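Residue-level listing of the chains:
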Amino acid sequence: MPEVVSPTGCGAVPLYGIYRDYVSEVFRVDWPGSTHGAAYVDLFADLNEQLVLEQGTFDTVIASDVIEHLHTPQALFDSAAGALSPGGKLIIGVPFFYWLHETPHDYHRYTRFALERMTVKAGLRTIELLSYGGVTDVLSDLATKAVASRPWIANSVYWLTTLMRALPPIKKLGVATRESMPMGYLLVAEKVSPPPSSGGG
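Residues numbered from 1 in each chain as written. Predicted model: local features only at pLDDT ≥ 70, side-chain atom pairs only at ≥ 80, totals over all residues. Heavy atoms only, no water.

Regarding the overall build of the protein chain
- Secondary structure summary: the protein chain contains six helices and eight strands in total.
- Counted from the first residue to the last, the protein chain has its helices and strands arranged as β-α-β-β-β-β-α-β-α-β-α-α-α-β.
- Contacts in the protein chain between residues far apart in sequence, at least 24 positions, make up 70% of those at least 6 positions apart.
- Put simply, the protein chain shows about 11400 Å² of open surface, and 62% of that area lies on carbon and sulfur atoms. (Helix = DSSP H or I, 4+ residues; strand = E, 2+ residues; numbered from the N terminus. Contact = heavy atoms within 4.5 Å. Areas by Shrake-Rupley, 256 points an atom, 1.4 Å probe, with all protein chains shown as cover.)

Written out as structure tokens, the structure is:
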């Protein structure tokens, strides 16, 4: 079976440069009202509903910065579980401490416990669930975005906070608060292979 990636909410496929050397085929999904254009979309669909895809044919499903925009995110987990081949991986990146974006379609922020629950409910197994950021990254990001309408100020704030975060005590604080104040999470889940049939009769 070819290595197939199905990035949901694909937009302008910003991650393509990262995974293109590892796949033989790509199938891209987005919703019809996407503000990111339709040049790369293979299937338009409402990701709040279970997708009608050929079952067990995808080796990897990627949903990066997607599920916070779904009012019914379990549908995506369930769609991925059905579309993945045994041993296939679901990779999800999602923000936690983050500004409102792409409103009004910004519905949720998820803890690791919510992500684990949706994973289990879909019949998948969590391989990794990593937090990223920490209080220093969160404050830097929010401060930069707060002045985003003035690019020269935003650029100055970004570089100033970047320099501050490189200082050993500030860097240590960021690492120490990564679990309690994460900027977001990266989830890797796997479709478990069904047990072999015992045959019999």
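A closer look at the packing of helix 4 (residues 135-146) against helix 5 (residues 151-165)
- Close contact between helix 4 and helix 5 brings their axes to 9 Å; oriented N to C, the two are set at 170 degrees. Judged on the interaxial angle alone, helix 5 and helix 4 are roughly antiparallel. Where helix 4 approaches helix 5, its residues T136, D137, S140, A143 and T144 are matched on the opposing element by A154, V157, Y158, T161 and R165. (Axes fitted to C-alpha atoms, helices over the stretch in contact; angles between N-to-C directions. Parallel < 35°, antiparallel > 145°, perpendicular 65-115°, else oblique.)

Re the packing of aromatic side chains
- Going through the model one piece at a time under the given rule, you end up with four aromatic pairs.
- Seen from their ring centres, F27 and F58 are 5.9 Å apart, and the 55 degrees between their planes marks the pair as tilted. Remark: F58 occurs in strand 5 (residues 58-64) and F27 occurs in the loop between strand 2 (25-26) and strand 3 (29-30); sequence separation between them is 31 residues.
- Taking the centre distance of 5.0 Å and the plane angle of 80 degrees together, the rings of F96 and F97 count as edge-to-face.
- A relative accessible area of 32% places F97 in the partly exposed class. (Phe/Tyr/Trp six-rings, centres within 6.5 Å; stacked < 30°, edge-to-face > 60°. Buried < 20%, exposed > 50% of the residue type's maximum accessible area, 1.4 Å probe, protein only.)

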